[in-house]
Amino acid sequence: MEIIDNLILGFGVALSPYTLMLAVVGCFLGTIIGALPGLGPSNGVAILIPLAFTLGLDATSALVLMTSVYYGAMYGGRISSILLNIPGDEPALMTTLDGYPMAKAGRAGDALVLSGVASFVGAFLATIGLMLLAPLLARVAFLFGPAEYFALYLLAFCTLGGMASNNQAKSAIASCIGLGIAMIGVDNNSGLPRLTGGNLHLMDGIDFLVAIVGLFAIAEVFFFIESHGKGSSIGVKLEKVTIPWRDIKESTPTMLRASGVGFIAGILPGAGASLGSFLAYMTEKSIAGPKGGFGTGVPRGVAAPEAGNNAAAGGALIPMLTLGVPGSGTTAVLLALLMTLNITPGPTLFTDQPEVVWGLIASLLIANVVLLLMNVPMVKIFVKILMVPPWVLLPGVTMISFVGIYSLSGSYFDLLLMVGFGVLGYILRKLDIPTVPVILGILLGGNMENALRRAMVLSDGDATFLFSSPISIGLWVAAIAGFVAPMFLRRFLTKPRAVPD
């Protein structure tokens, strides 16, 4: 009964014309920001924060606008992943694995519609979970200490071999490259520079956005130049765009499972939507087995990461609102916004300022419906991007990449670094070394190192501390099994040769 009363209060706030207009505007802007290669929800929210102060918004209105941008960017990230094989943001990285092959097979419209529905399911269920389970699920995060986080990240890297490549050694090499790049910068413990070569520009480390734009967007340009436009995979002929009811029906269980996995990953502080997307994809791939065809353009391979990353986005709001601990990079920006507005997130926020929390929850429910209604009818507009000749499209993507990166950092060195990552991506793809583990290594490497450092400090250097809890032991066992099992199973999986893994 209390939840119903709170929802009535929340919808009373959310359904006011002004707040509703902010939610719609936020969804539209967020979708555009998410679709642009290189820009993600965290940068989109950070860029638009000055707008909230310029408009003189109160705490509730500002939070509604920024979280709508957040959700919209999570939706929009799938667009460039499917159409261009360039993730709009890091959580959309996994969508490229099956979304882009579907586009090349002439099913770009189906992939976009399916991903939009999956995004809606994941975000909607996560918002319901936020509403019902926030106080309870926030306690789960206390079970994860540094040892458990280290084992969780190790599990992610150990299972990369079965996801990104048929060659475990090449996947391991790619992971090591990513982890090595993540180590560049100033050591947090000693304050000494690492792997910088004396270059002051590298003291702050490698910006993930610079790496992902270079490895994907710039590398794609190099391949286009090499082929002189012949056989370019970007200019895809499209059939009539329809709603793939059969794919949606068959992928519904996948969406539900992926939403649960992504939501759990989201409520773990620091894990974020990237890990939620990855775990959701890997869970569905393991359930489908070798004949599932994951990585070749199957609808379930699109639905799983999209439902997972959007559910994680909603789950990440739980530790921010109930503990004051950001669950992702974007919620860290939102946390800074709340603190600036003199709102202190924590367990008492739900009782002291219920109109803020429940107005936000009601606005998110409305925003999900708005995003679904906005994204499905506009899918034909997004698909038309593929009809642009590659010799026009790729320079445009390159220009957006350069302008976007420079506008964020204002550093010419980042532009040079982005080109360098483009060369690296080109070389890796020529050597058939997957770039996904490199990206995830850069993304998760810093968090993995920090978890290991904290574990060693707490245990006074005792390595057995990493195996000191049932959760960490279970994650270690799963990590070892995830790395070793494909080596033995691949012999049996490759014999039929019916569907490549």
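As shown above, the structure is provided for reference.
Cut-offs applied
Residues numbered from 1 in each chain as written. Predicted model: local features only at pLDDT ≥ 70, side-chain atom pairs only at ≥ 80, totals over all residues. Heavy atoms only, no water. Helix = DSSP H or I, 4+ residues; strand = E, 2+ residues; numbered from the N terminus. Buried < 20%, exposed > 50% of the residue type's maximum accessible area, 1.4 Å probe, protein only. Contact = heavy atoms within 4.5 Å. Areas by Shrake-Rupley, 256 points an atom, 1.4 Å probe, with all protein chains shown as cover. Patch = residues over 30% accessible without salt bridge, like charges linked within 9 Å, V, L, I, M, F, W, Y side chains within 5 Å. Salt bridge = Lys/Arg side-chain N within 4 Å of Asp/Glu carboxyl O. Core = buried A, V, L, I, M, F, W, Y, C linked by side-chain atoms within 4.5 Å. Phe/Tyr/Trp six-rings, centres within 6.5 Å; stacked < 30°, edge-to-face > 60°.

A.B. asks: When you look at the overall build of the protein in this model, what are you seeing that I'm missing?
C.D. replies: On a plain count of helices and strands, the protein comes out with 22 helices and two strands. The buried share of the protein, taken over its 501 residues, is 57%. The long-range share in the protein, meaning contacts at least 24 apart out of those at least 6 apart in sequence, stands at 79%. Carbon together with sulfur atoms contributes 69% to the accessible area of the protein, which is approximately 20,400 Å² in total.

A.B. asks: Just to check I follow, could you spell out a nonpolar patch on the surface for this structure?
C.D. replies: Side chains of Tyr18, Met21, Val25, Leu51 and Leu55 sit close together on the surface and give an oily, nonpolar patch of about 420 Å² of accessible area. The element that contributes the greatest number of residues to the nonpolar patch is helix 2 (residues 17-35), accounting for three residues. Mapped onto the elements of the fold, leucine 51 is located in helix 3 (residues 41-54). A residue is classified by how much of its surface remains accessible, and leucine 51, at 33% relative accessible area, is partly exposed.

A.B. asks: Any chance you could explain the nonpolar core here in plain terms?
C.D. replies: The nonpolar side chains of a soluble globular protein tend to be buried, and buried together. By size, the foremost hydrophobic cluster in this structure holds 137 residues, and its most contacted members are Met66, Tyr70, Met255, Leu317 and Phe421. If you tally residues by element for this core, the top one is helix 4 (residues 59-84), at 14 residues.

A.B. asks: Is there a simple way to think about the pattern of salt bridges in this case?
C.D. replies: For side chains of opposite charge, pairing can occur when their charged atoms come near one another. Scanning all chains against the criterion turns up seven salt bridges. Taking the shortest distance from any N to any O, the salt bridge between glutamate 250 and arginine 246 comes out at 3.1 Å. Of the two residues, glutamate 250 and arginine 246 are both situated in helix 11 (residues 245-267); the distance of four residues between them amounts to about one turn of the helix. For glutamate 284, the salt bridge goes to arginine 300, with nearest N and O atoms at 3.0 Å.

A.B. asks: In this structure, what is going on with the packing of aromatic side chains? I would like to understand it.
C.D. replies: Geometrically, a pair of aromatic rings is defined through the distance of the ring centres and the angle of the planes. For the structure shown, the criterion picks out five aromatic pairs. Between phenylalanine 150 and tryptophan 476 the ring centres are 6.1 Å apart and the planes differ by 45°, which places this aromatic pair in the tilted class. Here the residue phenylalanine 150 occupies a position in helix 7 (residues 146-158), and tryptophan 476 occupies one in helix 22 (residues 470-493), the gap between them amounting to 326 residues. The exposure class assigned to phenylalanine 150 is buried, which follows from its relative accessible area of 10%. Classification of tryptophan 476 by relative accessible area gives buried; the value is 17%. Seen from their ring centres, phenylalanine 222 and tyrosine 426 are 6.4 Å apart, and the 80° between their planes marks the pair as edge-to-face. Here phenylalanine 222, found in helix 10 (residues 208-227), pairs with tyrosine 426, found in helix 20 (residues 412-430); they are 204 residues apart in sequence, far enough to count as distant. In this structure phenylalanine 222 comes out as partly exposed when scored by relative accessible area, which is 24%. The class for tyrosine 426 is partly exposed, based on a relative accessible area of 21%. Of the aromatic side chains, those joined through ring pairs into one cluster are Phe150, Phe467 and Trp476.

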